Amino acid sequence: MGLTADECKLIKSYWAKLAPEHEDMGGEALTRLFQVYMQSKIYFTHYDLCPGSNDIHHQGQKIIKALDSAIKNIDNIRACLSDLSDLHAYNLRVDPVNFKFLTRCLHVTIASSLRGDYNALAYMAFDKFFCLVAQVLTEKYR
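Residues numbered from 1 in each chain as written. Predicted model: local features only at pLDDT ≥ 70, side-chain atom pairs only at ≥ 80, totals over all residues. Heavy atoms only, no water.

The chain is annotated in an unreviewed UniProt entry as Hemoglobin subunit alpha-D-like of Podarcis muralis.

So, in structure tokens, the structure goes:
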């Protein structure tokens, strides 16, 4: 499931539009994740999971930084996310379903920022991208 050149261009374009909000996007998505998919909290028992906490904000920044790096290296996502894949597979052992949950929350966060600009084409491109990222992060689980 690769991305087309047009999808890559669209993702990069919309991601650039979101740049002023990158600082807070990850925290917003994580807050949604923990409120909607409460079972995801199990991986963060040592964090303050209250909305707006420094822990959520910091972890959210890590997520956005990883996504930013993946977008900048969209033609070589596997190599770009290899270390992160190792971390999730061998150390953290995050249940892969949580990547799907986070993807849903990222979609809502992006849609609430871009509003009408986040049309069906944008949604589909980002969904393919997020699925590719999740696939890369979980392929070492086997």
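Picking up after the structure, the text goes on.
Caption draft 1: Expanded view of the layout of surface pockets. In this structure, the largest pocket occupies an estimated 680 Å³ of space. Considering only residue class, the lining of the largest pocket consists of 20 nonpolar, six polar and one charged. Size it by volume and the second largest pocket reaches roughly 250 Å³. Around the second largest pocket, the lining comprises 14 residues; the ones closest to its centre are Lys100, Thr103, Phe130, Cys131 and Ala134. Those elements giving two or more residues to the lining of the second largest pocket turn out to be helix H6 (97–114) and helix H7 (120–138). (1 Å grid on protein atoms, 1.4 Å probe; cavity = no way out; pocket = protein on both sides within 12 Å on 5 of 7 lines; lining within 4 Å. Points joined across faces, edges and corners; volume = space filled by probe spheres on them. Nonpolar A, V, L, I, M, F, W, Y, C, P; charged D, E, K, R; others polar. Helix = DSSP H or I, 4+ residues; strand = E, 2+ residues; numbered from the N terminus.)

Caption draft 2: Spatial organisation of the nonpolar core. Formed by 42 residues in total, the largest nonpolar core has its most connected members in Ile11, Trp15, Leu33, Leu67, Ile110, Phe126 and Phe129. Going through the elements one at a time, helix H1 (5–18), helix H2 (22–36), helix H3 (54–72), H6 and H7 are the ones with two or more residues in this core. The element best represented in this core is H7, accounting for ten residues. Leaving out residues up to four positions away in the same chain, Leu33 has contacts with Met38, Ser40, Phe101, Leu102 and Cys105. (Core = buried A, V, L, I, M, F, W, Y, C linked by side-chain atoms within 4.5 Å. Buried < 20%, exposed > 50% of the residue type's maximum accessible area, 1.4 Å probe, protein only. Contact = heavy atoms within 4.5 Å.)

Caption draft 3: Just the side chain of Asn98, in detail. One can find Asn98 in helix H6. Asn98 sits in the buried class, given a relative accessible area of 9%. Each residue touching Asn98, except ones within four places of it in the same chain, is listed here: Ser40 and Tyr43.

Caption draft 4: Layout of H6. With 18 residues, H6 extends 26 Å between its outermost C-alpha atoms, agreeing within 8% with the 26 Å of an ideal straight helix rising 1.5 Å per residue. Where H6 is buried, its residues touch H1, H2, H3, helix H5 (82–92) and H7. The first or second residue beyond H6 is Arg115, which carries a positive phi of 50°. (Expected span 1.5 Å × (residues − 1).)

Caption draft 5: Up close: the pattern of salt bridges. Under the criterion given, the structure shown has six salt bridges. The partner of Arg78 in a salt bridge is Glu139, and the shortest N-O contact between them spans 3.2 Å. With a gap of 61 residues between them, Arg78 in helix H4 (residues 77–80) and Glu139 in the segment after H7 connect regions that are remote in the sequence. The residue Lys140 makes a salt bridge to Asp86 at a minimum N-O spacing of 2.6 Å. One end of the pair, Lys140, is in the segment after H7; the other, Asp86, is in helix H5, with 54 residues separating them in the sequence. Residue Asp86 is classed as partly exposed on the basis of its relative accessible area of 26%. (Salt bridge = Lys/Arg side-chain N within 4 Å of Asp/Glu carboxyl O.)

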